[in-house]
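# A structural walkthrough
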Amino acid sequence: MSTDKKSKVSERTAQEQTMRRPVQIAGVTIQPRDASEDAALPPVAAAVAPAPVAGQRCGLVAIVGKPNVGKSTLLNALVGQKISITSRKAQTTRHRITGIRTQGAAQYVFVDTPGFQTIHGTALNKSLNKTVVGAVSDVDLVLFVVEAGSFTTADAKVLALLKPGIPVLLVANKLDNVHRRGDIAPWLQSMHERHAFTEFVPMSAKQPKDIERLLVICEKYLPEQAWWHAEDELTDRSEKFLASEMVREKLFRLTGDELPYTSTVVIDQFEEEAGRTSKRMLRIAATIVVEREGHKAMVIGDKGEKLKRIGTETRVELEKLLDAKVFIELWVKVRSGWADDEARVRSFGYE
């Protein structure tokens, strides 16, 4: 499902649903149908919106903040399972990741976003920032995540992106790192003066009680409408996408700060077949893309040990996440300057 609100689909007329917009492909333009072509088409029934169910609530909740502030950790905790990768490296998250939590009569559709980048102006960073701006434009609630007791220039630039009219909760994360809790009250007062936050939620994403409290607070901002997803769904992202993210997480975690964040992962093969000893067996082949030969040697490691460990840790975690037997092969290729090449950035799956 797209993260666009489903209610908008039902608002389209039958004529609008049969119209074809111009499609731009490199070297090719497919024009819309003319009036005579439209007249020859059979009528198309309007899309049917989900039937309302008494008491159900469902809505979009965007999680935004500067890089490395704990957004992905918060998303995983809110969903109750790991669907977004985490590491100490800034901007580990590069895509808009949707996490779904259904609890009681409420279905929360959380949207995790990349950290808004203000330092580097590469094509990759421009793509990531575009994702952030798009995510906050059409949601029911925004969770603005900052480190408790801190507010930087980077935080201010993210705050400036928020649109008026959408309720915003200030999520003061990493409260467990604050040694003097008495300092939080004046800090919260200063934040109140910066923006008209709807509510303030000092918390730690690592504390289950804090997560439950945040869910209760979020529920009242969800519109009363039918759920968009099945009760057991956790994300709208494909298993192939989750596999690429898992490789990238292990890559960053095992190489530390030595490897530039511009390294990425491309899935070359993702095939499922019947398993002999398990219900499912997945065969995955992935390419780790780096910008320099020196980075390639760093990823491979002495006698291939680093690359082997990346593959092993990825396999173990994917088997738990996907409930399948996993075979994975990893390769490393050099693509100099890819992060500053808009065409190549798009070819690697970035918006």
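Residues numbered from 1 in each chain as written. Predicted model: local features only at pLDDT ≥ 70, side-chain atom pairs only at ≥ 80, totals over all residues. Heavy atoms only, no water.

One pass over the full model with this rule turns up 16 salt bridges. Of the charged contacts, one joins Arg-213 and Asp-210 as a salt bridge, the two residues approaching to 3.6 Å between their closest N and O atoms. Here Arg-213 pairs with Asp-210, and both are found in helix α8 (residues 208–219), just three residues apart, close to one helical turn. When its relative accessible area of 34% is taken as the criterion, Arg-213 is described as partly exposed. Residue classification places Asp-210 among the buried positions, given a relative accessible area of 17%. Taken together, the shared-partner salt bridges in this structure form one network comprising Glu-249, Lys-250, Arg-253 and Glu-317. (Salt bridge = Lys/Arg side-chain N within 4 Å of Asp/Glu carboxyl O. Helix = DSSP H or I, 4+ residues; strand = E, 2+ residues; numbered from the N terminus. Buried < 20%, exposed > 50% of the residue type's maximum accessible area, 1.4 Å probe, protein only.)

Take helix α7 (residues 184–194) next. Listed in full, the buried residues belonging to α7 are Ile-184, Trp-187, Leu-188 and Met-191. Across the axial projection of α7, the buried residues extend over an arc of 100 degrees, all falling on one side. With respect to the buried face of α7, the exposed residues turned more than 90 degrees away are Ala-185, Pro-186 and Glu-193. Here the buried face of α7 lies against β6 (141–147), β7 (168–173) and β8 (199–202). (Arc of directions from axis to C-beta. Contact = heavy atoms within 4.5 Å.)

Below, the discussion takes up the packing of aromatic side chains. In the structure shown here, the tally under the stated rule is three aromatic pairs. With 6.0 Å between their ring centres and 15 degrees between their planes, Phe-144 and Phe-197 make a pair best called stacked. Residue Phe-144 is located in strand β6, and its partner Phe-197 is located in the loop between α7 and β8; the two are separated by 53 residues in the primary sequence. Classification of Phe-144 by relative accessible area gives buried; the value is 0%. With a relative accessible area of 7%, Phe-197 lands in the buried category. The interplanar angle of 65 degrees and the centroid separation of 5.8 Å between the aromatic rings of Phe-197 and Phe-200 together place this pair among those described as edge-to-face. Judged by relative accessible area, which is 28%, Phe-200 ranks as partly exposed. (Phe/Tyr/Trp six-rings, centres within 6.5 Å; stacked < 30°, edge-to-face > 60°.)

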